[in-house]
Amino acid sequence: NAGVTQTPKFQVLKTGQSMTLQCAQDMNHEYMSWYRQDPGMGLRLIHYSVGAGITDQGEVPNGYNVSRSTTEDFPLRLLSAAPSQTSVYFCASSWDRAYGYTFGSGTRLTVV
Amino acid sequence: DAKTTQPTSMDCAEGRAANLPCNHSTISGNEYVYWYRQIHSQGPQYIIHGLKNNETNEMASLIITEDRKSSTLILPHATLRDTAVYYCIVLITQGGSEKLVFGKGTKLTVNP
C-alpha cells in the first residue's frame with residue numbers, strides 16, 4: 001500500500017492562478033479531509049468527505065473547492081490563488097474512527 | 001473551536017516518562033479523544049484514541065478521567081525521536097459525519 005499520496009510536493013503560483021492539489025489513497029478509506037498548516041500553527045480543516053459524492057466544509061473553506069467522484073481521490077482546487085493561501089496542505093484519510101487518520105506528506109504551496 | 005486546551009510546551013529527560021495533559025471540559029458523551037503528533041514538518045502521525053476507558057498500545061498510554069473532562073498521554077520511556085508537537089483532539093461528529101479539528105498542540109522536547 002502506498003498510503004496517502006499527495007502531489008505535487010512543492011508548488012509556486014502567481015496571484016490569480018488556479019491549480020489542483022491531488023490526493024489519492026489506496027486503502028479504500030471512506031473518510032478524507034484536507035487541512036492547511038501555517039507557520040507555527042496547528043492544522044485547520046478546509047473540506048472533508050465521508051464518501052464518494054459527499055463533501056462538506058470545514059473551518060476555512062473560502063477560496064477552495066473539492067469534489068469526490070471516486071473513493072480513492074479527493075482533489076483540492078484553488079480557484080484564484082492569493083498570497084494568504086501560502087501554506088502547507090495535508091490530506092488525510094480514514095476507514096473508521098477506530099483506526100485513526102493517515103496523513104500524506106504534504107504539499108508546500110507558495111503564492112507570489 | 002478546537003474544544004481542547006494543552007500547554008504550549010513541555011520538556012522531558014530521555015528515558016523518563018513524558019506525561020502530556022489535555023483539558024476537554026466541553027466534550028460530549030459520544031465524542032472520542034484522539035492524540036496525534038507531528039515531527040518537524042511531516043504529516044501528523046496517529047498515536048492513540050479513547051472514549052471512556054484507559055487505552056494502551058505499542059506507542060503510548062491514554063488515561064481519561066472518570067468525568068472525561070481531561071486526559072493524559074503517557075510516553076513511558078521517551079527518546080530523542082519523540083521530540084514533536086503533540087495534538088490532543090476531540091473528534092467532532094455532526095449530522096452523521098465526523099471531522100478532526102486540531103488545536104495548537106504541545107511542543108515536547110526530549111533532552112539527552
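Residues numbered from 1 in each chain as written. Chains lettered and ligands numbered in written order. Predicted model: local features only at pLDDT ≥ 70, side-chain atom pairs only at ≥ 80, totals over all residues. Heavy atoms only, no water.

## Regarding the interface of chain B and chain A
Part 1 of the argument: Taken together, the contacts link 24 residues of chain B with 20 residues of chain A.
Part 2 of the argument: With both chains or domains summed, chain B and chain A bury close to 1,800 Å², and 53% of this area falls on carbon and sulfur atoms.
Part 3 of the argument: Of all residues in chain B, Glu98(B), Lys99(B) and Phe102(B) give up the largest surface area on contact with chain A, accounting jointly for 29% of the area buried on that side.
Part 4 of the argument: Between the two partners, chain B and chain A, sit zero salt bridges.
Part 5 of the argument: Elements represented by at least two residues in the side of chain B that touches chain A include exactly β3 (33-38), β4 (45-50), β8 (84-94) and β9 (97-100) of chain B.
Part 6 of the argument: For the side of chain B that touches chain A, the class distribution of residues is ten nonpolar, ten polar and four charged. (Contact = heavy atoms within 4.5 Å. Buried area = accessible area lost by both parts, 1.4 Å probe. Salt bridge = Lys/Arg side-chain N within 4 Å of Asp/Glu carboxyl O. Helix = DSSP H or I, 4+ residues; strand = E, 2+ residues; numbered from the N terminus. Nonpolar A, V, L, I, M, F, W, Y, C, P; charged D, E, K, R; others polar.)

## Thoughts on the environment of Thr83(B)
Residue and element names in this part refer to chain B.
Part 1 of the argument: If you trace the backbone, Thr-83 turns up in the loop between β7 (70-75) and β8.
Part 2 of the argument: Apart from residues no more than four positions distant in its own chain, Thr-83 is found in contact with Ile-39, Lys-107, Leu-108, Thr-109 and Val-110.
Part 3 of the argument: A polar contact of 3.0 Å, which involves the side chain of Thr-83, links it to the backbone nitrogen of Val-110. (Polar contact = N/O pair within 3.5 Å; in protein donor to acceptor, adjacent residues only side chain to side chain.)

## Here's the deal with the packing of aromatic side chains
Part 1 of the argument: For the coordinates displayed, the defined rule picks out eleven aromatic pairs over all chains.
Part 2 of the argument: Judged by centre distance (6.5 Å) and plane angle (55°), the rings of Tyr32(B) and Tyr34(B) are tilted.
Part 3 of the argument: Ring-pair connections join several aromatic residues into one group, and the members of that group are Tyr35(A), Phe103(A), Tyr32(B), Tyr34(B), Tyr36(B), Tyr46(B), Tyr87(B) and Phe102(B).
Part 4 of the argument: Across the ring face of Phe74(A), the terminal group of Arg68(A) is positioned such that the distance to the ring centre comes to 5.9 Å. (Phe/Tyr/Trp six-rings, centres within 6.5 Å; stacked < 30°, edge-to-face > 60°. Lys NZ or Arg CZ within 6 Å of the ring centre and 35° of its normal.)

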